[in-house]
Structures are given as structure tokens and as C-alpha cells.
Amino acid sequence: MERSAINAVALDGQAIEQTEPETVVVHVQLRPRRGATRKCLAALATLAAEHEEVSFAVTGLSKDDRVVRVTVGVDLGPRTAVAKFSPQAQAAYAFVSAIFASLYDHMPVYTAEPSGAERAAAAVLLEQAAHGVSAADVLEGLPLSGGSPVPAPRMPGQGERIPA
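The following refers to the structure shown. (Residues numbered from 1 in each chain as written. Predicted model: local features only at pLDDT ≥ 70, side-chain atom pairs only at ≥ 80, totals over all residues. Heavy atoms only, no water.)

### Quick notes on the overall build of the chain
Within the chain, the regular secondary structure consists of 5 helices and 5 strands. Written out in order from the N terminus, the α and β elements of the chain read β-β-α-β-β-α-α-β-α-α. Looking at the 164 residues of the chain, the share that counts as buried comes to 38%. Partitioning the contacts of the chain with sequence separation of at least 6, the portion at a separation of at least 24 is 71%. When the accessible surface of the chain is summed, it comes to about 9,600 Å², and 56% of that surface belongs to carbon and sulfur atoms. (Helix = DSSP H or I, 4+ residues; strand = E, 2+ residues; numbered from the N terminus. Buried < 20%, exposed > 50% of the residue type's maximum accessible area, 1.4 Å probe, protein only. Contact = heavy atoms within 4.5 Å. Areas by Shrake-Rupley, 256 points an atom, 1.4 Å probe, with all protein chains shown as cover.)

Right, here's the structure in full:
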């Protein structure tokens, strides 16, 4: 699922056309429950069809034991045009706003650029989808994200214990 009007954003996020000024990309992450991934991607495709003028790509994909994280990179346009709130930037902002308004069940959040592993997984998803493989099958092949972002509590040291 990728659409680019000026080919400024590629799947690896590194390709920027040399003749175009630096573009601004905003990343929005959808976090559907694992069983709702197909529904999320279908809703994203429907939303994209309503905003044909916007350049975007699925730039990241990862999962844990509860949710799948689908990162969408939306091209706002050249940095100078974004500052002037160009028609391209307005359309991109409307698309991002629609993501938050209509896909709220999939817990959208702004996020940083996806990691290399997430980009690679998104590339596999797009490649396999082009060959007719379902998203659920691609997700089954993904490894679970390791580690919890919240560390386990540490036990108090010998001098840190408070007598009861």
C-alpha cells in the first residue's frame, strides 16, 4: 500500500528525488489488535481511496503478543511549501486527520521513523501483497518484538531496606 505523487518517499525512507527540495514526512502508527489487522488495513485502503492526492506508504510493520504496529509515512511535501501550508500539505494534513478520526479503534499515534527491521517487514508485506498473499500470512512470519519498554522493578540493596 503505497502512493507517491513525486516519488519522494520510498519504502526504505532514504530515496529523495534530487531535483525536489527536502520533503517532510510524518509517521503515524496504527496499533490494531492482532485479530483486527485485516480490518485495519482494509480501512486504511478505503481511507486512501478517498484521499487520492496524498502521497503515503506503509513504512513499518512489527508485532508483539497483543498488537500489530503498522507505521504509515505521509509525505507533507517540500519543507518550504509545508511552512506556507501548500495545497499538498493541506491534503496531507486532512489525510492524517482522517486517520485519527476514522481509524481511532486502531489506536493511532504519531511516532518516529520506523527501525530498519520494521521497514524491512513493511517491504515484505507490500511485496507479498502484490503477489496475492494475505497480510495475516505475512504477519505470522514476523518475529515478536523483543523486550518490554517498561523495565522490571529492581530489588532493594542491603543498605536500602527500611525496617518495618
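The structure having been displayed, the exposition proceeds.
### Concerning the packing of helix α1 (residues 37-50) against helix α3 (residues 87-102)
The packing of two helices is summarised by the inter-axis angle and the distance between the axes. Remark: α1 packs on α3, axes separated minimally by 11 Å, with the N-to-C direction vectors making an angle of 145°. Crossing of α1 against α3: the hand is right-handed. Judged by residue contacts, Leu44, Leu47 and Ala48 of α1 engage Phe95, Ala98, Ile99 and Ser102 from α3. (Axes fitted to C-alpha atoms, helices over the stretch in contact; angles between N-to-C directions. Left-handed = near helix turned anticlockwise from the far one by under 90°.)

### A short note on α3
End to end, α3 covers 22 Å across 16 residues, agreeing with the expected 22 Å (1.5 Å per residue, within 8%). What α3 keeps buried is the set Ala89, Ala91, Ala92, Phe95, Val96, Ala98 and Ile99. (Expected span 1.5 Å × (residues − 1).)

### Some remarks on the pairing of strand β4 (residues 68-78)
Judged by how many residues are buried, β4 sits mostly within the fold: 11 of 11 residues are covered. Both strand β3 (residues 56-63) and β4 contribute to a ladder of 7 bridges, which runs antiparallel. Within the sheet, the bridge partner assigned to serine 62 lies in β4 and is arginine 69. Counting the residues between successive antiparallel strands, the hairpin from β3 to β4 contains 4 residues. (Pairing = 2+ DSSP bridges.)

### A look at the side chain of glutamine 29
Summarising the element assignment, glutamine 29 is placed in strand β2 (residues 23-30). There is a polar contact of 3.4 Å between the side chain of glutamine 29 and the side chain of threonine 71. Aside from chain neighbours lying at most four places away, what touches glutamine 29 is Arg69, Val70, Thr71, Met107, Pro108, Val109 and Thr111. (Polar contact = N/O pair within 3.5 Å; in protein donor to acceptor, adjacent residues only side chain to side chain.)

### Quick notes on the environment of arginine 33
Position of arginine 33 relative to the elements: it lies in the loop between β2 and α1. Residue classification places arginine 33 among the exposed positions, given a relative accessible area of 58%. Through-space distance from the C-alpha of arginine 33 to that of aspartate 64 is 9.7 Å; in sequence the pair is 31 residues apart. Apart from the residues lying within four places of it in its own chain, the contact partners of arginine 33 are Arg66 and Val67.

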